Amino acid sequence: MNHSAYGIPISWFLTVGALLFCIGLFGMMVRRSAIGMLISIELMLNAANLNLVAFGSYLRQPTIAGQVFAIFVITLAAAEAAIGLAIIINIYRLELHIEADKITSMKL
Amino acid sequence: MFIGNIKLIAPALYLCAAALVVLILGVIAARKPGKGLDYQLPTQYLAPALMFPGVVYALWAVLESLIEVCYTVDVLIGYELVRVPAVALFVTRGGHAQLTADPFGALFTLVAFAGTFIVMLVSLDYFDAAQPHKAEYYSLVMFATAAASLAACASDLIAIYLSIELLSLASYVLACFVKTDRRSGEAGLKYFLYGAACSAVGLYGMSILFGVTGGHTSLSAIARGLTTPAAYSGAAWVGIVFTLVGFGFKLALVPFQFWAPDVYQGAPTPITAFLSVVSKAAGLAVLVRFLTAAVFLFPPQNFSWYWILVVLTAGSMFFGNLVAIPQRNIKRMLAYSSIAQIGYLMIGVVSAVHAFPSLERLVPRLWNLPNVIVRTRAASWYYEPWDMVGLVVYIVAYMFMNLGAFAVVAGIGTRTRSDAIDDYAGLMQRSPFLAAALTVFLISLAGVPPTAGFVGKFLIFGGAIQHAGQNHPELAVLAVLGIINSIISAYYYLNVVRLMFFAPAEDRPSLRASLALNAVVAICLVGTLGLIAAAGPVVDFASLVVSGFLD
């Protein structure tokens, strides 16, 4: 793992990625609004993207594969957000709120 | 890039084209309701009609890949001449394939296709003629099946992630397909939120694996990358465990099972059947390919995540079976039962990882095939291990018996407007055929002898005990726990049978099953009861399929 021309070691990128991931995971656990959970998921996906791009350019043999993977993930995240928002709108029409933990029509 | 033998994934391509046809015809029909194409080609008949050639095509692809897997081809990629297996597709520089359409993947494709065909017949009976958006429904099911087929062949992290996500995205929408039903909406929301979160965790794990193995996404390259001392770090451990979270969610393995009961209960019953069979088959194929690629270079005892998997396997069986006992809703009961069933299948998976030899013994072969490692079965000189054979046979048996059970539940649910187990009382008088069929499917799920479930469990537990003899005592423990759990599960399965046959029936009209429902139940009955009659040829065929397993 060598340094780039800018002198920033890769560990900085990985730390930011790990922080983003932890914030996303934390948000996923404490958020009750479905939109908030969706935002947390996007944070986790972007943490992975940051990792992929950083590894791709900092490895001993730099590879394009990391950036290609990240582009696929970005595209997929957009599709996921679209479907997620559609599902949330649907649930809003049915329940008139989007608090995920209050939607419990099925219990034993 | 070397494209490879594209006809091996042609079933998936055919299905994508068929899904587009269904979607476009549906849109045209929706613009002019009541006349024209809508009358001539109703989607609910067009989709199974297009699906059936796909099933035949997938069967042909299994036979084709059994032939192709014996060959290699020399191709020029970049400036180097690489020898690649004839079943490798989209081979990039270094000889790493994106997809490996080996017989194992082709067989899981066949399971997904046949399962979807059955699900379509169930849907035909389940949704009435007035249900809107049928074209979208059937095309989404077909896209999801194509994704499952690609996932079964994926041998690259990018391919795995994309195919699993395509399968998931289609499933999220299908789970909340009945837009006016609160339960369906809730099922869709929960499936989406938990699914997207778990797949994000899995993706983070993949990004770590990508880094610690030196920037490779191909499973064969990752296996090679993990042999360097640097990769023995905790980072690789974290990467593998996080990736397993993503796969564990798809399988509803125990700590990631929390979504399953609500989603299974709330989703339309045909979609519940789809999620419990097709989606799980895809997840299982990906998991087996990932584990055998990531594991086999290590002695598994060095990597504690093997033990995590062993514990989760036992946990899945016990959790699923014990929580299923007090359930009052049959879809919810079958949801917990399918969590337990995945536990049985996982016994096959954890014993399958022992079936492959270490790298050192493979070195002579590596000279011939530099980057894709053909894993000859470790012990095939003196006996044939049953682990993977059991896995393949059990997934086929599971497809027939679980889809059959859900078909009966869907049929009864639409006619009585209830999924409560209490409403199955006296079903014998009201519909003898459905009651008898459901009895067969439930005792098959419990693993009672004259059924397909027994053959599958016998092979899986037997395979675990074979490996237990080779210094892996934990597998014997798992096999014993599996047998204990089969006995526990018999309690709640047979409780439904007792209600149907011996509980006093209220005076209610008899149920009339439609042609589609009778046909699908008959297909599943033939599969469930016929597998044991054809057990010899089936096992021979299954061992032929797994002997050509590439990573």
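All figures in this text were calculated on a predicted structure; none of them were measured in a lab.

1. Examining helix 2 (residues 34-58) of chain A
Link 1 in the chain: Its 25 residues place the ends of helix 2 of chain A 36 Å apart at the C-alpha level, agreeing with the 36 Å of an ideal helix rising 1.5 Å per residue.
Link 2 in the chain: Most of helix 2 of chain A is tucked away: 18 of the 25 residues are buried.

2. What about unusual backbone geometry?
Residues and elements named next belong to chain B.
Link 1 in the chain: Even without being a glycine, A252 presents a positive backbone phi close to 55 degrees.
Link 2 in the chain: Secondary-structure assignment places A252 in the loop between helix 9 (234-251) and helix 10 (260-266).
Link 3 in the chain: For R417, which is not a glycine, the phi torsion comes out positive at approximately 55 degrees.
Link 4 in the chain: Position of R417 among the secondary structure elements: in the loop between helix 15 (387-416) and helix 16 (427-430).

3. Some points on the confidence of the model for chain B
Residues and elements named next belong to chain B.
Link 1 in the chain: Averaged over every residue, the pLDDT of chain B is 85; residues scoring 70 or more account for 89%.
Link 2 in the chain: Predicted confidence in chain B is weakest over helix 14 (residues 359-368), with a mean pLDDT of 39, and strongest over helix 6 (residues 157-175), with 95.
Link 3 in the chain: Overall, residues 358-383 carries pLDDT values under 50, and its contacts beyond four positions in sequence, including any with other chains, amount to 41 contacts.

4. Considerations on helix 9 of chain B
Residues and elements named next belong to chain B.
Link 1 in the chain: With 18 residues, helix 9 extends 25 Å from end C-alpha to end C-alpha; this agrees with the ideal 26 Å at 1.5 Å per step.
Link 2 in the chain: Along helix 9, the positions that sit buried rather than exposed are A236, G239, I240, F242, T243, L244, G246, F247, G248, F249, K250 and L251.
Link 3 in the chain: A252 lies just past helix 9 and shows a positive phi near 55 degrees.

5. Structural notes on the environment of A:A70
Residue and element names in this part refer to chain A.
Link 1 in the chain: Relative to the elements of secondary structure, A70 occurs in helix 3 (residues 65-95).
Link 2 in the chain: Judged by the 21 C-beta atoms lying within 10 Å of it, A70 falls in the buried class.
Link 3 in the chain: Sequence separation between A70 and G27 is 43 residues, and the spatial gap between their C-alpha atoms is 22 Å.
Link 4 in the chain: Those residues in contact with A70 that sit more than four places away from it in its chain are N49, L52 and V53.

6. Focus on the packing of helix 17 (residues 432-446) of chain B against helix 19 (residues 473-502) of chain B
Axis angle and axis distance: for two packed helices, these are the angle between their axes and the distance between the axes, and together they describe the pair.
Residues and elements named next belong to chain B.
Link 1 in the chain: Relative orientation of the contacting elements helix 17 and helix 19 amounts to 170 degrees, with a least axis distance of 8 Å. One way to sum up the angle between helix 17 and helix 19 is to call them roughly antiparallel. Across the interface between the two elements, A435, L438, T439, L442, I443, L445 and A446 from helix 17 touch S486, S489, A490, Y493, V496, V497 and M500 from helix 19.
Link 2 in the chain: Along the lines of polarity and charge, the residues of the contact of helix 17 with helix 19 split into 11 nonpolar, 3 polar and no charged.

7. Some words on the nonpolar core
Residues and elements named next belong to chain B.
Link 1 in the chain: In terms of nonpolar packing, the biggest core is built from 244 residues, with A151, A281, V392 and I395 touching the most fellow members.
Link 2 in the chain: With 21 residues, helix 15 is the single largest residue contributor to this core.
Link 3 in the chain: Leave out the neighbours within four places in its chain, and I395 touches V111, A281, L284 and L345.

8. Looking at the interface of chain A and chain B
Note on interface size: it is often stated as the accessible area lost on association of the parts.
Link 1 in the chain: On the side of chain B, 34 residues touch chain A, which itself brings 37 residues to the contact.
Link 2 in the chain: Mapped onto the side of chain A that touches chain B, the elements with two or more residues apiece are helix 1 (10-30), helix 2 and helix 3 of chain A.
Link 3 in the chain: Element by element, the count of residues in the side of chain A that touches chain B is highest for helix 3 of chain A, at 16 residues.
Link 4 in the chain: Looking at side-chain class alone, the side of chain A that touches chain B contains 27 nonpolar, 8 polar and 2 charged residues.

9. Overview of the packing of helix 15 of chain B against helix 21 (residues 535-547) of chain B
Residues and elements named next belong to chain B.
Link 1 in the chain: Interhelical geometry of helix 15 versus helix 21 gives an angle of 115 degrees and a closest axis separation of 9 Å. Between helix 15 and helix 21 lies a crossing whose hand is right-handed. Residue-level inspection shows M388, V389, V392 and V393 of helix 15 in contact with helix 21, the latter providing V538, V539, A542, S543, V545 and V546.
Link 2 in the chain: Tallied by class, the residues present in the contact of helix 15 with helix 21 amount to 9 nonpolar, 1 polar and no charged.

10. Overview of the environment of B:A397
All names here are of chain B.
Link 1 in the chain: Examined against the element boundaries, A397 turns out to sit in helix 15.
Link 2 in the chain: Here A397 falls in the buried class, since 26 other C-beta atoms lie within 10 Å of it.
Link 3 in the chain: In this structure, the C-alpha to C-alpha distance between A397 and L529, residues 132 residues apart in sequence, is 9.6 Å.

11. Brief notes about the pairing of strand 2 (residues 80-85) of chain B
Link 1 in the chain: The pairing of strand 1 (residues 72-77) of chain B with strand 2 of chain B spans 6 bridges and is antiparallel. Each bridged residue has a counterpart across the sheet, and for B:T72 the counterpart in strand 2 of chain B is B:P85.

What counts, and where the lines are drawn
- Residue positions are counted from 1 within each chain, in the order its sequence is given.
- A letter from A marks each chain and a number from 1 marks each ligand, given out in the order of writing.
- pLDDT decides what is reported in this predicted model: residues at 70 or higher carry local features, side-chain atom pairs at 80 or more are listed and counted, and totals for whole chains, interfaces and linings draw on all residues regardless.
- Helix numbering and strand numbering both begin at the N terminus, where a helix is a DSSP run of H or I of at least 4 residues and a strand a DSSP run of E of at least 2.
- By this rule the span expected of a helix is its residue count minus one, scaled by 1.5 Å.
- Three exposure classes are used. Buried residues have 20 or more other C-beta atoms within 10 Å of their own C-beta, exposed residues have 12 or fewer, and partly exposed residues fall in between, all C-beta atoms being placed from the backbone.
- Along the chain, pLDDT gives the predictor's confidence residue by residue, from 0 to 100.
- Once C-beta atoms have been placed from the backbone, residue pairs whose C-beta atoms lie within 7 Å are recorded as contacts.
- For helices, the fitted line uses only the C-alpha atoms of the stretch in contact; every axis is such a line through C-alpha atoms, and the angle between N-to-C directions lies from 0 to 180 degrees.
- Throughout this description, any angle smaller than 35 degrees is read as roughly parallel, any larger than 145 degrees as roughly antiparallel, any in the 65 to 115 degree range as roughly perpendicular, and the remainder as oblique.
- Here the term charged refers only to Asp, Glu, Lys and Arg, the term nonpolar to Ala, Val, Leu, Ile, Met, Phe, Trp, Tyr, Cys and Pro, and the term polar to all other amino acids, Gly among them.
- For the purposes of this analysis, a nonpolar core is taken to be any set of buried Ala, Val, Leu, Ile, Met, Phe, Trp, Tyr and Cys residues that are connected through C-beta atoms within 7 Å.
- Should the near helix be turned anticlockwise from the far one by less than a right angle, the crossing is termed left-handed; should it be turned clockwise, right-handed.
- When DSSP finds two or more bridges between two strands, those strands count as paired.

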